[in-house]
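# Chains, contacts and geometry: an overview
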Amino acid sequence: MLEILRILFSPMVFVYSFIVNTRNYLFDKGIFKIKKVNAKIISVGNIMVGGAGKTPLVLMIAGLLKREQKKTGILSRGYGRNSHGYIFVADDTGLHTSVDECGDEIYFMSEELKIPAAVCENRVEGARQLIKDSGVENIILDDAFQHRWIHRDLNIVVFDQRFLHKVGQIDQKLLPLGLMRENFNAIERADVVVINRKFAEKKEIPVKLKKYFQDKPLFHSYYSAEGFYDVKNKNFFEMKDFRGQKSLVVCGVARPHSFLNGLEINNIDIANKLLYPDHKNYSLQEVQGIRKKFYDTNSYSVLTTQKDAVKLSKFSKEFDDIDLYYLKIELKLDEQEKFEELILNTIN
């Protein structure tokens, strides 16, 4: 059905392309003014829709700056939230809002890192208010490559390696036909490119795309499955504790392939699964459906993503008799030391 809709709306690609190109031209010529804020800005984004690994990279960068005792905050648009405008999500003492009000990704990042965070559609306004509310000196923008109104000191673009290898396929067409927000020539705006292979083996950039990546500092990232956290009590369990057990996998992310692959390569049974759209807001009826599937399949536990866990944790009563765990992944880089040096040089 989705493929049919994409084809039906394919004539709109020309309209979308015209709008994107005109907008970029106005920024490039200085007609649209880029504004600075009183903080160092690191932007992490991509040119495709969802699933590249932006959030894990933001987590990694923010964790680095926190260890270095830098006053750092995260600013996101807050995709999937039921609110609008600026919301101060958290400071170093804890969260100040709900997952529904701020969105799942910024919520779990704030919960894990315990650093200042906010959401706002207008990144200039949001950054200025976050500085005022928390006194941060460095801000990491989550998913802001296309939000060109704000000046950034480092512009990072992330690619899913699997997506790069879909040369000639419909996914590499502009929206709404394909999945691309911008064409590959937008990479010119990036200071740094990160290719995320997730749980897969490293591959070379396809020959037809190599010209876009020339003269750009190139880093290669991957995911490491660290283990599982109990959603209820936050106890940690190793991957081996779940091998040989029948579990129900529940997932609502843009690219479920990498999550399922991460489980499978660690010998976790993924035969029983329920897959939902990205940023899924679970209803009581859907949670009851998860319960039914759990008992129908005689599963030992429910395994989910960290992003889904913050949504499902609201149903503590419904999951009272079911063990619910999320997979903790960490993004790492082949060139870790060099990347960290780049980040620290940017803010110093």
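About the thresholds
Residues numbered from 1 in each chain as written. Predicted model: local features only at pLDDT ≥ 70, side-chain atom pairs only at ≥ 80, totals over all residues. Heavy atoms only, no water. Helix = DSSP H or I, 4+ residues; strand = E, 2+ residues; numbered from the N terminus. Rg over C-alpha atoms; globule rule 2.2 N^0.38 Å. Buried < 20%, exposed > 50% of the residue type's maximum accessible area, 1.4 Å probe, protein only. Contact = heavy atoms within 4.5 Å. Areas by Shrake-Rupley, 256 points an atom, 1.4 Å probe, with all protein chains shown as cover. Lys, Arg positive; Asp, Glu negative; His and termini not counted. Charge placed at Lys NZ, Arg CZ, Asp CG, Glu CD. Expected span 1.5 Å × (residues − 1). Axes fitted to C-alpha atoms, helices over the stretch in contact; angles between N-to-C directions. Parallel < 35°, antiparallel > 145°, perpendicular 65-115°, else oblique. Left-handed = near helix turned anticlockwise from the far one by under 90°. Nonpolar A, V, L, I, M, F, W, Y, C, P; charged D, E, K, R; others polar.

## Comments concerning the overall build of the chain
When helices and strands are counted, the chain shows 12 helices and 14 strands. Here the C-alpha radius of gyration of the chain, 20 Å, is about what a compact globule of 348 residues would show, namely 20 Å. Each principal axis of the C-alpha distribution contributes one length, and for the chain these read about 60 × 45 × 40 Å. In the chain, which comprises 348 residues, the proportion classed as buried is 53%. Taking as baseline every contact in the chain between residues at least 6 positions apart, the subset at least 24 positions apart corresponds to 76%. When the accessible area of the chain is evaluated, it comes to approximately 16,700 Å², of which 50% is carbon and sulfur surface. Placing the 51 positive and 46 negative side-chain charges of the chain at their respective mean positions leaves the two points 5 Å apart.

## With respect to helix α2 (residues 12-28)
Since the α-helix packs 3.6 residues into each turn, any two residues three or four apart lie on the same face. Under the 1.5 Å per step criterion, the end-to-end length of α2 is 24 Å for 17 residues, consistent within 8% with the ideal 24 Å. Turning to α2, its buried residues number three or more, namely Val-13, Ser-17, Val-20, Asn-24, Leu-26 and Phe-27. Just downstream of α2 lies Gly-30, where phi reads positive at about 80 degrees.

## Describing the packing of helix α3 (residues 54-67) against helix α5 (residues 104-113)
In contact at an axis separation of 11 Å, α3 and α5 are set at 25 degrees when each is read in the N-to-C sense. Considering the angle they form, α3 stands roughly parallel to α5. Here α3 and α5 pass one another in a crossing that is right-handed. In contact with Thr-55, Val-58, Leu-59, Ala-62, Gly-63 and Lys-66 of α3, α5 contributes Glu-105, Phe-108, Met-109, Glu-112 and Leu-113. Of the residues belonging to the contact of α3 with α5, the class tally is 6 nonpolar, 2 polar and 3 charged.

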